[in-house]
Amino acid sequence: MANIGYGEFETTEGGTSRAGLLARLERLLPGTTPAGTTWRGHHLPLSSWRWTQPDGPVLLAGDAAGLVKPMTGKGIYYAVATGVLAGRAAAEAVRDGRPESAGARYRSTVRTLLGRHLRHTATTARLAAAPMVLAAGMRAARRNQRAFDDLVEIGLGRGLLTRRVLTGLVR
Ligand SMILES: Cc1cc2nc3c(=O)[nH]c(=O)nc-3n(C[C@H](O)[C@H](O)[C@H](O)COP(=O)(O)OP(=O)(O)OC[C@H]3O[C@@H](n4cnc5c(N)ncnc54)[C@H](O)[C@@H]3O)c2cc1C
């Protein structure tokens, strides 16, 4: 079995329909798609400006919680970080004899860890949708190692849009 990530602008000819994706894959790897009759695909549950988790004892972490980086499709950091927080919230709720309080405890700790970062990530994704801004970001990263590090931290961890990055974009 193979699990393959595929990035595509929604404006691409053929869009993200099954037929469009198969046609483009056939162009990239001729002869592969006739065997792909049982292939399935789905959109990644990309994170947005605000994250939420209902009250109660059921806790969602990682991809299941809609925590996937909107620019890169990456989610390992979120999955590990929220998995740890979910485990702690569940253990504390059980220890206190109030399992139904797990949701509220978990929501609060995830928002403390990721709330600000998710707002910055959502803003970065919006900005990067403009090719001019994306190119300016690349140039800023090339000029300044620390701006590069900041962008990597946004793309892989829980970094924020720093003054260094913003200054680099404006220049
Ligand atoms: C091709 C590809 C490349 C990627 N590259 C990167 C990368 O470079 N960096 C990065 O950060 N992220 C990357 N990602 C994303 C990353 O893999 C996911 O965000 C991350 O694995 C999510 O972890 P998770 O624990 O939330 O979910 P998963 O890793 O999907 O784990 C969920 C588990 O639940 C199991 N499961 C599902 N249903 C049931 C059920 N009913 N009963 C029991 N078990 C069930 C599944 O089999 C699976 O093992 C990539 C994803 C893909 C597909």
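Draft legend 1. Inspection of the overall build of the chain at higher detail. The secondary structure content of the chain amounts to six helices and zero strands. Helices and strands appear in the chain in the N-to-C order α-α-α-α-α-α. When its C-alpha atoms are laid out on the principal axes, the chain stretches across 60 × 50 × 20 Å. Evaluated residue by residue, the chain yields a buried proportion of 30% over its 171 residues. Carbon and sulfur atoms form 60% of the exposed surface of the chain, whose accessible area is close to 11,600 Å². Mean positive and mean negative side-chain charge positions of the chain (24 and 12 charges, respectively) differ by 7 Å.

Draft legend 2. Structural view of the nonpolar core. The biggest cluster of nonpolar side chains holds 11 residues, and these are Trp 51, Ala 65, Leu 67, Tyr 78, Leu 85, Ala 86, Ala 89, Tyr 106, Val 110, Leu 114 and Leu 118. Contributing elements (two or more residues each) for this core: α2 (76-95) and α3 (102-128). Every residue in contact with Leu 118, bar those within four places of it in the chain, is listed here: Ser 47, Ser 48, Trp 49, Trp 51, Leu 67 and Tyr 78.

Draft legend 3. Main features of the site of the ligand. Every residue near the ligand is listed here: Asn 3, Ile 4, Gly 5, Ala 61, Gly 62, Asp 63, Gly 73, Lys 74, Gly 75, Ile 76 and Ala 79. With respect to the ligand, the side chain of Asp 63 contributes an N or O atom lying 2.7 Å from an oxygen atom. Protein chains bury 35% of the 1,000 Å² of accessible surface belonging to the ligand in isolation. Split into classes, the residues belonging to the shell around the ligand amount to four nonpolar, five polar and two charged.

Draft legend 4. Highlighting helix α4 (residues 131-143). Helix length check: α4, at 13 residues, gives a terminal C-alpha distance of 18 Å against a target of 18 Å (1.5 Å per residue), a fit within 8%. Those residues of α4 not exposed but buried are Ala 136, Gly 137, Ala 140 and Ala 141. Looking down the long axis of α4, one finds its buried residues gathered within 135° of arc, a one-sided arrangement. What points out from α4, more than 90 degrees from its buried face, is the exposed set Pro 131, Met 132, Met 138, Arg 142 and Arg 143. Tucked into the core, α4 has its buried residues touching α5 (145-156) and α6 (163-170).

Draft legend 5. Layout of the side chain of Ser 47. Position of Ser 47 relative to the elements: it lies in the loop between α1 (18-28) and α2. Judged by its relative accessible area of 10%, Ser 47 is buried. Excluding its chain neighbours within four sequence positions, the residues that come into contact with Ser 47 are Gly 66, Leu 67, Val 68, Lys 69, Pro 70 and Leu 118.

Draft legend 6. Inspection of the domain arrangement of the chain at higher detail. As far as domains go, the chain holds domain 1 (8-42) and domain 2 (62-170). One C-alpha centre belongs to domain 1, the other to domain 2, and the line joining them spans 30 Å.

Draft legend 7. Inspection of a nonpolar patch on the surface at higher detail. Taken together, the side chains of Tyr 6, Leu 28 and Leu 29 make up a nonpolar region of the molecular surface, amounting to roughly 320 Å² of accessible area. Position of Leu 29 among the secondary structure elements: in the loop between α1 and α2. Under the relative-accessibility criterion, Leu 29 is labelled partly exposed at 47%.

Draft legend 8. Fine view of the pattern of salt bridges. Under the definition given, this model contains five salt bridges. The partner of Arg 95 in a salt bridge is Asp 96, with the nearest N and O atoms 3.1 Å apart. Looking at Arg 95, the relative accessible area reads 62%, which means it is exposed. The salt bridge partner of Asp 96 is Arg 105, with a shortest N-O separation of 2.8 Å. Look at Asp 96 and you get partly exposed, because its relative accessible area is 37%. A single salt-bridge network, built from bridges that share partners, covers Glu 92, Arg 95, Asp 96 and Arg 105.

Here is what the cut-offs are and how they apply
- Residues numbered from 1 in each chain as written.
- Predicted model: local features only at pLDDT ≥ 70, side-chain atom pairs only at ≥ 80, totals over all residues.
- Heavy atoms only, no water.
- Helix = DSSP H or I, 4+ residues; strand = E, 2+ residues; numbered from the N terminus.
- Buried < 20%, exposed > 50% of the residue type's maximum accessible area, 1.4 Å probe, protein only.
- Areas by Shrake-Rupley, 256 points an atom, 1.4 Å probe, with all protein chains shown as cover.
- Lys, Arg positive; Asp, Glu negative; His and termini not counted.
- Charge placed at Lys NZ, Arg CZ, Asp CG, Glu CD.
- Core = buried A, V, L, I, M, F, W, Y, C linked by side-chain atoms within 4.5 Å.
- Contact = heavy atoms within 4.5 Å.
- Near = heavy atom within 4 Å.
- Polar contact = N/O pair within 3.5 Å; in protein donor to acceptor, adjacent residues only side chain to side chain.
- Nonpolar A, V, L, I, M, F, W, Y, C, P; charged D, E, K, R; others polar.
- Expected span 1.5 Å × (residues − 1).
- Arc of directions from axis to C-beta.
- Domains from an automatic or database assignment.
- Patch = residues over 30% accessible without salt bridge, like charges linked within 9 Å, V, L, I, M, F, W, Y side chains within 5 Å.
- Salt bridge = Lys/Arg side-chain N within 4 Å of Asp/Glu carboxyl O.

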